[in-house]
Amino acid sequence: MAALNNQVEFHDQLPLMEEKLGGDGLIGELCKGFQLLMDADKGVITFDSLKNNASVLGLQDLSDNDLLSMLREGDCDGDGALNQMEFCVLMFRLSPDLMDQSEVLLEDALEQEMKNSYQ
């Protein structure tokens, strides 16, 4: 991500990560990212934890309103914070290329699960 004239240019790296790490590896990396951004006491990403860790994502130039918009975009349960599932879903939703591949990823994950259950 790069800030250009108060706009954020998003470089979608998730498809490349999925290609290199596989579906399980990508989910693992997203979970690590969640851990970096979450409020350790609350176990969720709050506005304060996102603001305090924004530089980790290269978002230090975003306004408070932009950060709040990010939280609102992913907050499915309306609690004002992102749990791990909401964060992962948001990351997938923000990746157009990965969304196009999501059906294949789901099929691969189900196939792997079936193989594991028969072993």
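Cut-offs used in this document
Residues numbered from 1 in each chain as written. Predicted model: local features only at pLDDT ≥ 70, side-chain atom pairs only at ≥ 80, totals over all residues. Heavy atoms only, no water. Helix = DSSP H or I, 4+ residues; strand = E, 2+ residues; numbered from the N terminus. Buried < 20%, exposed > 50% of the residue type's maximum accessible area, 1.4 Å probe, protein only. Contact = heavy atoms within 4.5 Å. Areas by Shrake-Rupley, 256 points an atom, 1.4 Å probe, with all protein chains shown as cover. Disulfide = S-S within 2.5 Å. Phe/Tyr/Trp six-rings, centres within 6.5 Å; stacked < 30°, edge-to-face > 60°. Core = buried A, V, L, I, M, F, W, Y, C linked by side-chain atoms within 4.5 Å. Salt bridge = Lys/Arg side-chain N within 4 Å of Asp/Glu carboxyl O. Polar contact = N/O pair within 3.5 Å; in protein donor to acceptor, adjacent residues only side chain to side chain.

Q: Hey, could you go over the overall build of the protein for me, with residue numbers and the actual values?
A: Summing up its helical and strand segments, the protein has five helices and two strands in all. When the helices and strands of the protein are placed in sequence order, the string is β-β-α-α-α-α-α. Going through the 119 residues of the protein one by one, you find that 29% of them count as buried. Taking contacts inside the protein between residues at least 6 apart in sequence as the whole, the part at least 24 apart equals 43%. For the protein, the exposed area adds up to about 8,000 Å²; of that, 51% sits on carbon and sulfur atoms.

Q: I'd like a description of the side chain of E86, backed by residues and values.
A: Structurally, the position occupied by E86 is in helix 4 (residues 84-93). If sequence neighbours within four positions are ignored, E86 has contacts with G74, D75, C76, D77, D79 and A81.

Q: Requested: an account of the state of the cysteines, with residues and values cited.
A: Counted by the stated rule, this structure contains zero disulfides. Cysteine C88 shares no disulfide, and the gap to the nearest cysteine sulfur, in C31, comes to 4.5 Å.

Q: Lay out the packing of aromatic side chains with the relevant residues and their values.
A: Scanning the entire structure with this criterion turns up one aromatic pair. Between F34 and F87 the ring centres are 5.9 Å apart and the planes differ by 50 degrees, which places this aromatic pair in the tilted class. Highlighted residues: F34 in helix 1 (residues 14-37) and F87 in helix 4, separated in sequence by 53 residues. Exposure class is identical for F34 and F87. Each is buried.

Q: How would you sum up the nonpolar core? Please name residues and give values.
A: One recurring pattern in soluble globular proteins is that nonpolar side chains are buried together. L30, I45, L71 and F87 are the most contacted members of the largest nonpolar core, which totals 20 residues. Mapped onto this core, the elements with two or more residues apiece are helix 1, helix 2 (47-52), helix 3 (64-74) and helix 4.

Q: Help me get a handle on the pattern of salt bridges, residues and values and all.
A: Summed over all chains, the structure comprises two salt bridges. A salt bridge links E111 to K115; the nearest nitrogen and oxygen atoms lie 3.4 Å apart. Taken together, the positions of E111 and K115, both in helix 5 (residues 96-117) and four residues apart, correspond to about one turn of that helix.

Q: I'd like a description of helix 4, backed by residues and values.
A: Among all positions in helix 4, only E86, F87, C88, L90, M91 and F92 are buried. Its side-chain oxygen at 3.1 Å from the backbone nitrogen of M85, N83 defines the N-terminal cap of helix 4.

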